[in-house]
Amino acid sequence: MADIPDDSAALLQLLSTPGSAVFLDFDGTLVDLAPTPDGVRLEAGVVEALALLAERHGGALALISGRPTAQIDAMLAPLILPVAGVHGVERRGADGALHVAATPDVSPVLARALALAAVHPGLLVEQKRGAVALHYRLAPELGQLCVQEMTAAVQACPGVLLLHGKMVLEAKPAATDKGGAIAAFMAEAPFAGRRPVFAGDDTTDEAGFAFVQQVGGQGVKVGSGHSAATLRLASPGALRAALLAASVSPEGVDDDEFPRTSV
């Protein structure tokens, strides 16, 4: 495998620049992936770095995750940040208001996923608001079977889209994605008028990369794999190092070098 480019210096400059709006995925970006969703751990100092960076940017820092908002809050406690959960189905703004999108019925997908997991103990089913995730990280040999079963289930559910992630398949509302969640944040204070920067690691983050780059911002892909993002980091560790450095370093270049954009 070719070496992954390291754009840590460019990311540090963006994180340190007044006028940025910072958006971060969670799993595989802020934390290393784990065999199960509840097995991830935040490294020491990350919550404090996020708090300092959010303060530096006037509160314009949000988490954009496939996890439910409540799980992100529990992971970051006692810090409370603006969050988009379940790929934008749930979104809590900086003002604390919770917005919940309408969702299609995913119960047929849930039933099929649970039936499959009952036969194969290595599979894990995660039920969310309007979404169902089937994890096969503990049974990678079942990947093709999972794809077949989830594809068939989603085809029978109008308005539902199947996302192919890292050892996970997620059925979610087709009308919501991370790009739409970031766009909604960018229409509100304190994000409005700033230059968006979004870091993520998976195919589920591509909609976010597309939006921020469309409006003059920057997408940052963490890890290997094809991506539309124009910056790249080797690992979540590299992302955390940039966050920690940005949170303690003097403020970077002037706003004039990175003009705010209208969205």
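Residues numbered from 1 in each chain as written. Predicted model: local features only at pLDDT ≥ 70, side-chain atom pairs only at ≥ 80, totals over all residues. Heavy atoms only, no water.

> Before we go on, may I ask you to explain the overall build of the chain in this structure?
Of regular secondary structure, the chain possesses 8 helices and 12 strands. A compact globule built from 263 residues would reach a C-alpha radius of gyration of about 18 Å, and the chain, at 18 Å, matches this within 12%. The dimensions of the chain, computed from C-alpha atoms along their principal axes, are 55 × 40 × 35 Å. Counting all 263 residues of the chain, 52% fall into the buried class. For the chain, the proportion of contacts with a sequence separation of at least 24, taken over those separated by at least 6, is 60%. Just so you have it, the chain exposes about 11,000 Å², and 57% of that area is on carbon and sulfur atoms. Across the chain, the mean location of the 18 positive side-chain charges is 3 Å away from that of the 29 negative side-chain charges. (Helix = DSSP H or I, 4+ residues; strand = E, 2+ residues; numbered from the N terminus. Rg over C-alpha atoms; globule rule 2.2 N^0.38 Å. Buried < 20%, exposed > 50% of the residue type's maximum accessible area, 1.4 Å probe, protein only. Contact = heavy atoms within 4.5 Å. Areas by Shrake-Rupley, 256 points an atom, 1.4 Å probe, with all protein chains shown as cover. Lys, Arg positive; Asp, Glu negative; His and termini not counted. Charge placed at Lys NZ, Arg CZ, Asp CG, Glu CD.)

> Help me understand the pattern of salt bridges, please; the structure alone is not making it clear to me.
Close approach of charged atoms allows side chains with opposite charge to pair. Counting across every chain of the model gives 11 salt bridges. Of the charged contacts, one joins Asp 73 and Arg 92 as a salt bridge, the two residues approaching to 2.7 Å between their closest N and O atoms. With Asp 73 in helix α3 (residues 69–76) and Arg 92 in strand β4 (residues 90–92), this residue pair connects regions lying 19 residues apart in the sequence. For Arg 92, a relative accessible area of 12% corresponds to the buried category. The salt bridge involving Arg 112 is made with Glu 149; its shortest N-O contact spans 2.9 Å. (Salt bridge = Lys/Arg side-chain N within 4 Å of Asp/Glu carboxyl O.)

> What is the right way to look at the pairing of strand β9 (residues 168–173) in this model?
For a regular strand, the rule is simple: side chains alternate between the two faces of the sheet. In terms of burial, β9 is a largely internal element, 6 of the 6 residues being buried. Bridging between strand β7 (residues 131–135) and β9 involves 4 bridges; their strand directions are antiparallel. In the sheet register, Val 132 faces β9, and the bridge partner there is Ala 171. The antiparallel pairing of strand β8 (residues 160–165) with β9 creates a hairpin that spans 2 residues between the two strands, and Met 167 there sits at a positive phi of about 60 degrees. (Pairing = 2+ DSSP bridges.)

> I tried to follow the packing of helix α6 (residues 178–186) against helix α7 (residues 206–214) on my own but got confused; where do I start?
It is at 6 Å that the axes of α6 and α7 come closest, and there the two elements cross at 40 degrees. Comparing the axis directions of α6 and α7 gives the class oblique. Along its contact with α6, which presents Lys 178, Gly 179, Ile 182, Ala 183 and Met 186, the element α7 presents Ala 207, Gly 208, Phe 211 and Val 212. Taken together, the residues of the contact of α6 with α7 sort by class into 6 nonpolar, 2 polar and 1 charged. (Axes fitted to C-alpha atoms, helices over the stretch in contact; angles between N-to-C directions. Parallel < 35°, antiparallel > 145°, perpendicular 65-115°, else oblique. Nonpolar A, V, L, I, M, F, W, Y, C, P; charged D, E, K, R; others polar.)

> Just checking my understanding: could you explain the sheet that holds strand β6 (residues 124–128) for this structure?
Strands in a sheet are paired, the pairing made by backbone hydrogen bonds, and the direction either parallel or antiparallel. Spatial strand order, β6-β7-β9-β8: 4 strands in an open sheet with antiparallel pairing. The open sheet terminates on both sides in strands that have one partner only, identified here as β6 and β8. If you compare each strand with its neighbour and ignore which way they point, the axes differ by 15 degrees on average. With respect to the sheet, helix α5 (residues 143–155) is in contact with β7, β8 and β9, its orientation differing from that of β8 by roughly 160 degrees.

> Quick question: what am I supposed to make of the nonpolar core here?
Taken as a class, soluble globular proteins show a tendency for nonpolar side chains to be buried jointly. With 33 residues, the main nonpolar core has Leu 30, Leu 50, Leu 63 and Leu 76 as its most contacted residues. Setting aside residues up to four positions removed in sequence, Leu 30 forms contacts with Leu 24, Asp 25, Leu 42, Val 46, Leu 50, Leu 63, Leu 239, Arg 240 and Leu 243. Counting residues in hydrophobic clusters, the runner-up holds 22 residues, among them Leu 123, Val 132, Leu 134 and Cys 157. (Core = buried A, V, L, I, M, F, W, Y, C linked by side-chain atoms within 4.5 Å.)

> What should I look at first to understand the packing of aromatic side chains in this one?
The full count for this structure, using the stated rule, is 4 aromatic pairs. Pairing Phe 23 with Phe 191 gives two aromatic rings, centres 5.3 Å apart and planes at 25 degrees, and the pair type is stacked. Of the two residues, Phe 23 sits in strand β1 (residues 20–24) while Phe 191 sits in the loop between α6 and β10 (195–200), which places them 168 residues apart along the sequence. In this structure Phe 23 comes out as buried when scored by relative accessible area, which is 0%. Look at Phe 185 and Phe 191: their rings are 5.2 Å apart centre to centre, the planes differ by 50 degrees, and that puts the pair in the tilted class. Of the two residues, Phe 185 and Phe 191, neither departs from the other in class, the shared state being buried. Above the face of the Phe 185 ring, Arg 91 is positioned so that its terminal group lies 4.8 Å from the ring centre. (Phe/Tyr/Trp six-rings, centres within 6.5 Å; stacked < 30°, edge-to-face > 60°. Lys NZ or Arg CZ within 6 Å of the ring centre and 35° of its normal.)

> In this structure, what is going on with helix α1 (residues 8–16)? I would like to understand it.
Quick reminder: α-helices carry 3.6 residues per turn. Residues three or four places apart thus point the same way. For α1, the complete set of buried residues consists of Ser 8, Leu 11, Leu 14, Leu 15 and Ser 16. Buried residues along α1 sit in contact with β1, α2 (46–56), β10, β11 (218–222), β12 (231–233) and α8 (236–248).

> Can you help me understand the pairing of β8 in this one?
In terms of strand pairing, β8 meets β9 through 6 bridges, oriented antiparallel. Note on β9: the bridge partner recorded for Gly 165 is Val 168.

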